[in-house]
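Chain by chain, the residues run as shown.
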Amino acid sequence: MELRSVEELMDLLYACRGARDAPGPGGAQVDTYDHALRTAALLRRGHPADKELQVAGLVRPVGRLLHPGEPGTRADRAADAVRALLGERVAGLVRRRPRPGLPAEDDLLALRAADEEARTACFDAGVLEDWRTVLELLAARNSRLGAMD
């Protein structure tokens, strides 16, 4: 599946509400929607100029909804779904999601740190609608770049 609009992506992210992520290092399951918002908010705080990194933290859960029974291919499927809409870098960050024990570049380390902190952090990360403008800007930029190719 390829997402064609920010609205489709937002609908998918809203559908994550109530879904539970696998237990993290602390052993507790977290709500996928809340976890995505907290991850993106932490990345926004730590990397305020890097919108693509922030959005990669936000859109990671779409793989769970697109292919619920295939945990091994979720990152690949999520990356494929967002590539046309959000661009190659976001798709690459979603696909190459860092795994403990493997070497990673700085962006992936930042993504991993935010992901782990978001599992235990308790703060108001806002609502998905807060991210609409950023998603629309990335989608518009990506469509212009795609039109030039």
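In this report, we go over the structure that sits alongside the text. (Residues numbered from 1 in each chain as written. Predicted model: local features only at pLDDT ≥ 70, side-chain atom pairs only at ≥ 80, totals over all residues. Heavy atoms only, no water.)

### Looking at helix α5 (residues 74-86)
Over its 13 residues, α5 extends 17 Å from the first C-alpha to the last, a length consistent with the 18 Å expected when each residue adds 1.5 Å. Inspection of α5 places Ala-75, Ala-78, Ala-79, Ala-81, Val-82, Leu-85 and Leu-86 among the buried residues, and these make up the whole buried set. Positive backbone phi, approximately 105°, marks Gly-87, located one or two places after α5. (Helix = DSSP H or I, 4+ residues; strand = E, 2+ residues; numbered from the N terminus. Expected span 1.5 Å × (residues − 1). Buried < 20%, exposed > 50% of the residue type's maximum accessible area, 1.4 Å probe, protein only.)

### Here we look at the packing of helix α3 (residues 51-59) against helix α6 (residues 88-95)
If you want to describe how two helices pack, look at the angle between their axes and the distance between the axes. Relative orientation of the contacting elements α3 and α6 amounts to 50°, with a least axis distance of 9 Å. When the axis of α3 is compared with that of α6, the two are oblique. By crossing handedness, the relation of α3 to α6 is classed as right-handed. Where α3 approaches α6, its residues Glu-52, Leu-53, Val-55, Ala-56 and Val-59 are matched on the opposing element by Arg-89, Val-90, Leu-93 and Val-94. (Axes fitted to C-alpha atoms, helices over the stretch in contact; angles between N-to-C directions. Parallel < 35°, antiparallel > 145°, perpendicular 65-115°, else oblique. Left-handed = near helix turned anticlockwise from the far one by under 90°. Contact = heavy atoms within 4.5 Å.)

### A word on the packing of α3 against helix α7 (residues 106-120)
Two numbers describe how α3 lies on α7: the axes approach to 10 Å, and their chain directions differ by 45°. Here α3 lies oblique to α7, going by the angle between them. Crossing of α3 against α7: the hand is right-handed. Only Asp-107, Ala-110 and Leu-111 of α7 make contact with α3, whose side of the interface consists of Leu-53, Ala-56 and Gly-57. By residue class, the composition of the contact of α3 with α7 is four nonpolar, one polar and one charged. (Nonpolar A, V, L, I, M, F, W, Y, C, P; charged D, E, K, R; others polar.)

### Here's the deal with the environment of Asp-124
Mapped onto the secondary structure, Asp-124 falls in the loop between α7 and α8 (132-148). Given the relative accessible area of 70%, Asp-124 is considered exposed. For the pair formed by Asp-124 and Asp-34, sequence separation is 90 residues and the distance between their alpha carbons is 9.1 Å.

### Here we look at the side chain of Asn-142
Relative to the elements of secondary structure, Asn-142 occurs in helix α8. A distance of 2.6 Å separates a polar side-chain atom of Asn-142 from the backbone oxygen of Ala-84. The residues touching Asn-142, leaving out its near neighbours within four places in the chain, are Arg-83, Ala-84, Leu-85, Leu-86 and Gly-87. (Polar contact = N/O pair within 3.5 Å; in protein donor to acceptor, adjacent residues only side chain to side chain.)

### With respect to empty space enclosed by the protein
For the coordinates displayed, the defined rule picks out one cavity of 30 Å³ or more. Estimates place the volume of the largest cavity at around 30 Å³. Forming the walls of the largest cavity are Leu-13, Cys-16, Tyr-33, Ala-36, Leu-37, Leu-58 and Leu-128. Among the elements that line the lining of the largest cavity, the one with the most residues is helix α2 (residues 32-46), at three residues. Within the lining of the largest cavity, the residues separate by chemical class into seven nonpolar, no polar and no charged. (1 Å grid on protein atoms, 1.4 Å probe; cavity = no way out; pocket = protein on both sides within 12 Å on 5 of 7 lines; lining within 4 Å. Points joined across faces, edges and corners; volume = space filled by probe spheres on them.)

### Structural notes on α2
Three or four residues apart is the spacing at which side chains of an α-helix point the same way, because the helix has 3.6 residues per turn. For α2, spanning 15 residues, the distance from its first C-alpha to its last is 21 Å, which sits close to the expected 21 Å at 1.5 Å a residue. Listed as buried for α2 are Thr-32, Tyr-33, His-35, Ala-36, Leu-37, Arg-38, Thr-39, Ala-40, Ala-41, Leu-42 and Leu-43. Its side-chain oxygen at 3.0 Å from the backbone nitrogen of Tyr-33, Asp-31 defines the N-terminal cap of α2.

### Examining the packing of aromatic side chains
Throughout the structure, instances matching the rule amount to one aromatic pair. Their ring planes at 25° and their centres at 6.2 Å tell us that Tyr-14 and Tyr-33 sit as a pair that is stacked. Of the two residues, Tyr-14 is situated in helix α1 (residues 6-14) and Tyr-33 in helix α2; the sequence distance between them amounts to 19 residues. Residue Tyr-33 is classed as buried on the basis of its relative accessible area of 10%. Over the ring of Tyr-33 we find Arg-17, and its NZ or CZ is 5.4 Å from the ring centre. When the ring centre of Trp-131 is taken as origin, the NZ or CZ atom of Arg-44, which lies over that ring, is 3.8 Å away. (Phe/Tyr/Trp six-rings, centres within 6.5 Å; stacked < 30°, edge-to-face > 60°. Lys NZ or Arg CZ within 6 Å of the ring centre and 35° of its normal.)

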